[in-house]
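Report on the structure
Spelled out from the first residue to the last, the chains are:
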Protein chains: 2
Amino acid sequence: MRVSVVGLGPGAGQDLTGRAAAALEECDLIVGYTAYVALLEGRFPGKERRSTGMRREVDRCRMAVEEAVRGRDVALVCSGDSGVYGMAALVYEVSRDYPPIEIEVIPGITAACGGAAVLGAPLTHDFAVVSLSDLMTPWAAIETRLELAARADFVLCLYNPASRGRPDHLKRACDILLREKSPETVCGYVRNIGRAGEEAHTCTLAQLREVEADMFTTVFVGNRQTTLIGGKMVTPRGYLQRGE
Amino acid sequence: MRVSVVGLGPGAGQDLTGRAAAALEECDLIVGYTAYVALLEGRFPGKERRSTGMRREVDRCRMAVEEAVRGRDVALVCSGDSGVYGMAALVYEVSRDYPPIEIEVIPGITAACGGAAVLGAPLTHDFAVVSLSDLMTPWAAIETRLELAARADFVLCLYNPASRGRPDHLKRACDILLREKSPETVCGYVRNIGRAGEEAHTCTLAQLREVEADMFTTVFVGNRQTTLIGGKMVTPRGYLQRGE
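Residues numbered from 1 in each chain as written. Chains lettered and ligands numbered in written order. Predicted model: local features only at pLDDT ≥ 70, side-chain atom pairs only at ≥ 80, totals over all residues. Heavy atoms only, no water.

**Some thoughts on helix α6 (residues 139-151) of chain A**
Within an α-helix, residues lying three or four positions from one another point in the same direction, as the helix has 3.6 residues per turn. Residue and element names in this part refer to chain A. With 13 residues, α6 extends 18 Å between its outermost C-alpha atoms, agreeing within 8% with the 18 Å of an ideal straight helix rising 1.5 Å per residue. Within α6, burial applies to Trp139, Ile142, Arg145, Leu146, Leu148, Ala149 and Ala150. Taken from the residues just after α6, Asp153 is the one with a positive phi, measuring 60°. (Helix = DSSP H or I, 4+ residues; strand = E, 2+ residues; numbered from the N terminus. Expected span 1.5 Å × (residues − 1). Buried < 20%, exposed > 50% of the residue type's maximum accessible area, 1.4 Å probe, protein only.)

And the structure:
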């Protein structure tokens, strides 16, 4: 009957929304990447669960749509938001191959918002979100986006800053940003947002170049106004600066 | 004792997170813009409430910090996320004038994520968020950001596309985007996300130029790959396009 594409927020914990929790309560079947389904262990008892491994995104979405075609209510779970680099678009895309079903996208707290809250308030002005994964986007396109975003003085939030196959992407991204931005630009990064082992750090853009990020790290690069207040990364919106 | 800067999500309804609800349950005092405090009417009984009108952001944050200095636990509420154009940065900024207090930022579903979910899945690839309000940002800076974001082929999410004092900002923004982007670019906009009167529409960039937006409208402009599937605005991440 229906696929609900559910954003669990970071860690699927206290940042889960009421709507996401209701969808998980009401569904017949929970489908997702193994690690995300595991985040729900011990909760929503009695629900059938099916998980698929990394890089099986198309299989996972087809499975969810096929079960809905069979008449079941399926919750396809995503970490963070279901739209931001999540499965929502792919569910719409694969659904074209099947009889019509209902699709509902249920948003969640994405790592940009969740990580920003841990660091302070880096996203209080215009910002751009860029994934450093070149699995599906040519690196040249990523490079162009970084360069133009830096020139436009957007705050930047970087997803997928590294993985086993591409350990140096963050360093390469910093080198591009350093062409336009001061090495003293205030930056921050958060590991394991909303999960065990959550840790946040601030640094300069020059120092960020040397940080060893992993796939559970979200990185923030400030704009020209971003500053540190009591160790927190803060981008002013301009209320005080206009003279109040 | 503490200021919790709480993102209520769009409409403060079913997209409220568990953490935000807990903060509202546990606080002594709820502070916010009149319209946002009104969204909580009938809930969280027994809490003192104080609201201030539009453009009283600095007063509101000072009030919250001063009450915390007096030993109270204050929830300062924001629509959407508390960080994305919210009050989080300003609370850190004004707190420098007072004895130390605890500040916690509690994220919420921002209009980019909430509106995207209503439209389908427009934000499934790199995107930029730009406010068209020139109250605190020179219009020339907004123009530069739009131009460079268009050149970088970011999906765009536009906040504050219009208000009484600047009814033509969306038209002006479209004219800038049309220098770089096709007039056929898939766009969408959502009014009153998560509230009574929620409505979503899709259109082309050429048509978006003629849309009368208001301050409760959030606008989405697709990238070169964004398409319509069954009336929904969908930006492919690339899973199918890489040949699966």
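**Focus on the interface of chain B and chain A**
Listed as interface residues are 66 residues of chain B and, on the opposing side, 65 residues of chain A. Taken together, the two surfaces of chain B and chain A that pack against each other cover about 6100 Å², and 62% of this comes from carbon and sulfur. Considering only the surface of chain B that becomes buried against chain A, B:Met136, B:Arg145 and B:Tyr239 emerge as the three largest contributors, covering 13% of it. Taken together, chain B and chain A are joined by 4 salt bridges. (Contact = heavy atoms within 4.5 Å. Buried area = accessible area lost by both parts, 1.4 Å probe. Salt bridge = Lys/Arg side-chain N within 4 Å of Asp/Glu carboxyl O.)

**Structural notes on the pattern of salt bridges**
Residues and elements named next belong to chain B. Taken as a whole and assessed by the stated rule, the structure comprises 43 salt bridges over all chains. Ionic pairing is found between Glu147 and Arg151, a salt bridge with its closest N-O pair at 3.2 Å. Placement of both Glu147 and Arg151 in helix α6 (residues 139-151) is noted, with a separation of 4 residues, approximately one turn of the helix.

**A word on the UniProt feature "domain: Tetrapyrrole methylase" (unreviewed entry) in chain A**
Within this numbering scheme, the UniProt entry marks residues 3-208 of chain A as carrying the feature "domain: Tetrapyrrole methylase" (unreviewed entry). Between the C-alpha atoms that bound residues 3-208 of chain A there is a distance of 40 Å. The span itself is 34% helix and 24% strand. (UniProt positions renumbered as here; feature names shortened; annotations may be inferred.)

**Things to note about the nonpolar core**
Membership of the largest hydrophobic core comes to 56 residues, with the highest contact counts inside it found for A:Leu208 and B:Leu208. Not counting residues within four places of it along the chain, the set of residues in contact with A:Leu208 comprises A:Leu170, A:Cys174, A:Cys187, A:Tyr189, A:Cys203, A:Val219 and A:Val221. Residues A:Tyr159, B:Val129, B:Val190 and B:Met233 belong to the second largest nonpolar core, which totals 38 residues. (Core = buried A, V, L, I, M, F, W, Y, C linked by side-chain atoms within 4.5 Å.)

**Observations concerning the relation of the copies chain B and chain A**
The two copies are related by a screw motion: chain B maps onto chain A through a turn of 180° and a shift of 0.0 Å along the axis, at an RMSD of 0.0 Å. The two molecules are tied by a two-fold rotation axis, judged by turn and shift. Interface overlap between copies: 98% of the residues of chain B at the interface are likewise at the interface in chain A, consistent with a symmetric, same-surface contact. (Least-squares fit on C-alpha atoms with pLDDT ≥ 70 in both.)

**Some details on empty space enclosed by the protein**
Taken as a whole and judged by the stated rule, the model has 1 cavity of 30 Å³ or more. Looking at the largest cavity, its volume works out to about 50 Å³. Lining the largest cavity, in full, are A:Thr110, A:Ala112, A:Cys113, A:Leu123, A:Phe127, B:Thr110, B:Ala112, B:Cys113, B:Phe127 and B:Val129. (1 Å grid on protein atoms, 1.4 Å probe; cavity = no way out; pocket = protein on both sides within 12 Å on 5 of 7 lines; lining within 4 Å. Points joined across faces, edges and corners; volume = space filled by probe spheres on them.)

**Considering the side chain of A:Thr110**
Tracing the backbone through its elements, the reader meets A:Thr110 in the loop between β5 (102-106) and α5 (111-119). Here A:Tyr159 takes part through its side chain, which lies 2.5 Å from a polar atom of the side chain of A:Thr110. With sequence-adjacent residues up to four places away left out, A:Thr110 is seen in contact with A:Gly80, A:Asp81, A:Val84, A:Tyr159 and B:Cys113. (Polar contact = N/O pair within 3.5 Å; in protein donor to acceptor, adjacent residues only side chain to side chain.)

**Quick notes on the environment of A:Glu212**
Residues and elements named next belong to chain A. By the secondary structure assignment, Glu212 is in the loop between α8 (205-208) and β11 (217-221). A relative accessible area of 68% places Glu212 in the exposed class. C-alpha of Glu212 to C-alpha of Arg151: the two residues are 61 residues apart in sequence and 25 Å apart in space.

**Comments concerning the sheet that holds strand β2 (residues 29-33) of chain B**
All names here are of chain B. Read across the open sheet, the 5 strands follow the order β3-β2-β4-β1-β5; overall the sheet is parallel. Each edge of the open sheet carries a strand with a single partner, namely β3 (48-52) and β5 (102-106). Averaged over all pairs of adjacent strands, the angle between their axes in this sheet comes to 20°, without regard to strand direction. Alignment of β2 against β3, held across 5 bridges, turns out to be parallel. Following the sheet pairing, Tyr33 is matched in β3 by Thr52. (Pairing = 2+ DSSP bridges. Axes fitted to C-alpha atoms, helices over the stretch in contact; angles between N-to-C directions.)

**Things to note about the sheet that holds strand β12 (residues 227-229) of chain B**
Residues and elements named next belong to chain B. In spatial order, the strands read β6-β13-β12; together these 3 strands make up an open sheet with mixed pairing. Each edge of the open sheet is held by one strand with a lone partner, namely β6 (120-121) and β12. As judged from the 2 bridges shared by β6 and strand β13 (residues 232-234), these two strands associate in the parallel manner. Note on β13: the bridge partner recorded for Ala121 is Val234.

**Details of helix α4 (residues 88-95) of chain B**
Buried residues dominate α4(B), accounting for 8 of its 8 residues. If you check which residues of α4(B) are buried, you get B:Ala88, B:Ala89, B:Leu90, B:Val91, B:Tyr92, B:Glu93, B:Val94 and B:Ser95.

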